[in-house]
Amino acid sequence: MIEASLKDLAAALRAGTLSSVELATLFLDRIDALNPSLNAFITVDRDGALSAARAADARLAAGTAGPLTGIPLAHKDVFCTEGVRTTCASRMLENFVSPYDAHVVSQLKAAGAVMLGKTNMDEYAMGSSNENSHFGPAKNPWDASRVPGGSSGGSAVAVAARLAPMATGTDTGGSVRQPAALTGVTGIKPTYGVVSRYGMIAYASSLDQGGAFGRSAEDCALLLSAMAGFDPRDSTSVERDTEDYTRELGKPLAGLRIGLPKEFFAEGMDDDVRAATEAALEQYRQLGATTVEVSLPNAKLAIPAYYVIAPAEASSNLSRFDGVRYGHRAPEYVDLADMYSKSRAQGFGAEVKRRILVGTYVLSHGYYDAYYLQAQKLRRLIAEDFIAAFTHCDVIAGPTSPTVAWPIGEKSDDPVQMYLQDIYTIAVNLAGLPGLSLPCGTGAGDLPVGLQLIGNYFDEARLLNVAHGFQQATDWHRRMPAVG
Amino acid sequence: MSLSIDEVRHIARLARIELGEGEAQDTLDKLNNIFGLIEQMQAVDTSQVEPMSHPQDVAQRLRDDIVTESDRRDAYQRVAPQVEAGLYLVPKVIE
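What counts and how
Residues numbered from 1 in each chain as written. Chains lettered and ligands numbered in written order. Predicted model: local features only at pLDDT ≥ 70, side-chain atom pairs only at ≥ 80, totals over all residues. Helix = DSSP H or I, 4+ residues; strand = E, 2+ residues; numbered from the N terminus. Rg over C-alpha atoms; globule rule 2.2 N^0.38 Å. Buried ≥ 20, exposed ≤ 12 C-beta atoms within 10 Å, placed from the backbone. Contact = placed C-beta atoms within 7 Å. Pairing = 2+ DSSP bridges. Expected span 1.5 Å × (residues − 1). Core = buried A, V, L, I, M, F, W, Y, C linked by C-beta atoms within 7 Å. Axes fitted to C-alpha atoms, helices over the stretch in contact; angles between N-to-C directions. Parallel < 35°, antiparallel > 145°, perpendicular 65-115°, else oblique. Nonpolar A, V, L, I, M, F, W, Y, C, P; charged D, E, K, R; others polar. UniProt positions renumbered as here; feature names shortened; annotations may be inferred.

Quick notes on the overall build of chain A
Consideration 1: When its secondary structure is counted, chain A shows 16 helices and 11 strands.
Consideration 2: Relative to the globule expectation of 23 Å for 484 residues, the C-alpha radius of gyration of chain A, 21 Å, shows essentially globular dimensions.
Consideration 3: Overall size of chain A, expressed as C-alpha extent along the three principal axes, is 65 × 55 × 45 Å.
Consideration 4: Put simply, chain A has 484 residues, and 63% of those count as buried.
Consideration 5: Across chain A, every contact between residues at least 6 apart in sequence was considered, and the portion connecting residues at least 24 apart equals 77%.

Printed below as a string of structure tokens:
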């Protein structure tokens, strides 16, 4: 049952061969057994899950169930959940219980999905390895001495280790796609503005976007269909009709034009990642797709531009954590300024502080034009490169991550080395395009390799079908790590 | 570009983050590495490029000027470190 697709789970629930309570119990018991070693969940809500499952069973019996009714789900701990604590993996919010639900959370509640708990992540979604968590790192289920990627590491681990059939994440610079690649699952970040940011704790508002993890592109399409949609409470939510992201699944890939950015294939990726990527592209050619070289000449500037824009926006967003209205307050202080400084020094971890300091500096008097404005200009050049490339192709493909999962601790004391891990994903966020990672092979140590597919604006349905077509012809997405 | 330890202390003050004596040097080293990466931006001439602040060039939506929120003060204050009589308490700021 832990191997079943969302479609098969929904069919079993409708047929009555399985109840939602039984299904939730199965996964909750798996979490109890495996989470102590994997650390994928920060909070498990057994009572809430069972009560939601009973309500789902009633809906199933009444014949009012939707495609996700009764199916268990894990939320990244960046999404506010009323009544269940939301920590953002920070000491600052260790005891924070939100008075309201994020839009994504209410959408999935309305769909009848059953939340099992909240998943581990890099603190405030700042990181690429899940090591920046106040609750300790999540572990890669393929090799527990290695990182699962980040920042949505816990959600990726939950799906990879079959602790949940589906999970939400957020992606500001690669935080859905990269952990999906490193743990061997499928993950999609839609076009900026498709998923509401209401109740999603902000990191870099012009880049943050909610996304979906699943065992397959089909599962991601079902989950994304329930998450997405216009929400007036998010000023950057796009006013578009709701979409069925499964609508293109099954269309043949013959004639598909896949763009290969020459900069992504030049240097920087490990040989094992290159071999798996090339083999996946050969598979696409066998499915009738053609490949064409394209160029993203400014993509190399994405990391420096991102590390100005994201910290600048973070320094502004995180100014709300002042120890007054919510969050950690230092136990001792001499005056108000001291209370702010001590509360923030104690509440935030080292990487969060560094990004706030970088952001504070680049926005400070006299430096704005040299840094923030320059980064925004590069952002336009990067976006224009993609727009030009899409005149020659339907989707762009390349590696998701330059390496397979690395040992815990290997890069954690060198922020710049960690930042360079997101070389292939960050430009997509700067442009605001949809991106997806799917398992496409294995590298050194039999560790998963992800293939990244990048689509044009609002082309999620096609992107998901391009991944689905590959998964119909291969079984990389069905491999499961040997845990429990 | 290279920051000095005094500049790091100044930024930390602006950001309202207390920096312990032992932390300042390590923070300085790491920030200088990060700025070394960021400096790559300066190699590009962008004098003819319009800045892009947002992925979708759309105008902000306007809404009617009407009350849409209900009063949930108690729920919001339940998560506050210190409240009294519906007020958030902070250290004395006026002598």
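Next, the rest of the story.
Some thoughts on the pairing of strand β6 (residues 210–214) of chain A
Residues and elements named next belong to chain A.
Consideration 1: Summarising burial for β6: five of the five residues are buried, a large majority.
Consideration 2: Residues of β6 alternate between two faces, with Gly210, Ala212 and Gly214 on one and Gly211 and Phe213 on the opposite face, all of them buried.
Consideration 3: Taken together, the five bridges between strand β4 (residues 166–170) and β6 define a ladder with antiparallel strand orientation. By the bridge assignment, Met166 is partnered in β6 with Gly214.
Consideration 4: Where strand β5 (residues 186–189) meets β6, three bridges bridge the pair, whose relative direction is antiparallel. By the bridge assignment, Gly187 is partnered in β6 with Phe213.

Some remarks on helix α12 (residues 350–362) of chain A
Each α-helix turn comprises 3.6 residues. Residues three or four places apart therefore point the same way.
Consideration 1: Given a rise of 1.5 Å per residue, 13 residues ought to cover 18 Å, and the 19 Å separating the end C-alpha atoms of α12 of chain A matches this to within 8%.
Consideration 2: Summarising burial for α12 of chain A: 10 of the 13 residues are buried, a large majority.
Consideration 3: Among the residues making up α12 of chain A, those that are buried are Val352, Lys353, Arg355, Ile356, Leu357, Val358, Gly359, Thr360, Tyr361 and Val362 of chain A.
Consideration 4: In this fold, the buried residues of α12 of chain A make contact with α10 (302–317) and α13 (369–389) of chain A together with α1 (5–14) and α2 (21–38) of chain B.

Thoughts on the nonpolar core
Residues and elements named next belong to chain A.
Consideration 1: One finds Leu73, Val114 and Leu116 to be the most contacted residues of the largest nonpolar core, which totals 171 residues.
Consideration 2: A per-element tally of this core places α10 first, with 10 residues.
Consideration 3: Sequence-distant contacts of Val114, defined by excluding residues within four places in its chain, comprise Ser20, Ala24, Ala49, Ala52, Ala53, Ala56, Gly70, Ile71, Pro72 and Leu73.

With respect to the packing of α10 of chain A against α12 of chain A
Residue and element names in this part refer to chain A.
Consideration 1: In the contact formed by α10 and α12, the axes pass within 7 Å of each other and the chain directions differ by 95°. It follows that α10 is roughly perpendicular to α12 by the angle criterion. Here α10 contributes Tyr307, Val308, Pro311, Ala312, Ala314 and Ser315 to the contact with α12, which in turn contributes Arg355, Ile356, Val358, Gly359, Thr360 and Val362.
Consideration 2: For the contact of α10 with α12, the class distribution of residues is eight nonpolar, three polar and one charged.

Thoughts on the interface of chain B and chain A
Consideration 1: Every contact between the two is made by 37 residues of chain B and, on the other side, 52 residues of chain A.
Consideration 2: Counting residues per element, the side of chain B that touches chain A draws most heavily on α2 of chain B, at six residues.
Consideration 3: Among the residues forming the side of chain B that touches chain A, the class breakdown is 24 nonpolar, seven polar and six charged.

Looking at the UniProt feature "active site" (unreviewed entry) in chain A
All names here are of chain A.
Consideration 1: UniProt records the feature "active site" (unreviewed entry) at Lys76, Ser151 and Ser175, using the numbering of this structure. The named residues occupy 100 residues along the chain; their greatest pairwise C-alpha distance, 11.0 Å, places them in one compact cluster.
Consideration 2: On the secondary structure map, Lys76 appears in strand β2 (residues 72–76).
Consideration 3: Beyond its immediate chain neighbours, meaning those up to four positions away, Lys76 contacts Thr119, Met121, Ser152, Gly154, Ser155, Thr168, Gly169 and Thr170.
Consideration 4: With respect to the element layout, Ser175 can be found in the loop between β4 and α6 (177–183).
Consideration 5: We classify Ser175 as buried; it has 37 C-beta atoms within 10 Å.
Consideration 6: The contacts of Ser175, once residues within four sequence positions are left out, are Ala125, Gly150, Ser151, Ser152, Gly169 and Thr170.

Observations concerning the packing of α10 of chain A against α2 of chain B
Consideration 1: Running from amino to carboxyl end, α10 of chain A crosses α2 of chain B at an angle of 125°, the nearest separation of the two axes being 8 Å. In terms of axis orientation, α10 of chain A runs oblique to α2 of chain B. Contacts from Ile303, Pro304, Tyr307 and Val308 of chain A in α10 of chain A reach Ile34, Leu37 and Ile38 of chain B in α2 of chain B.

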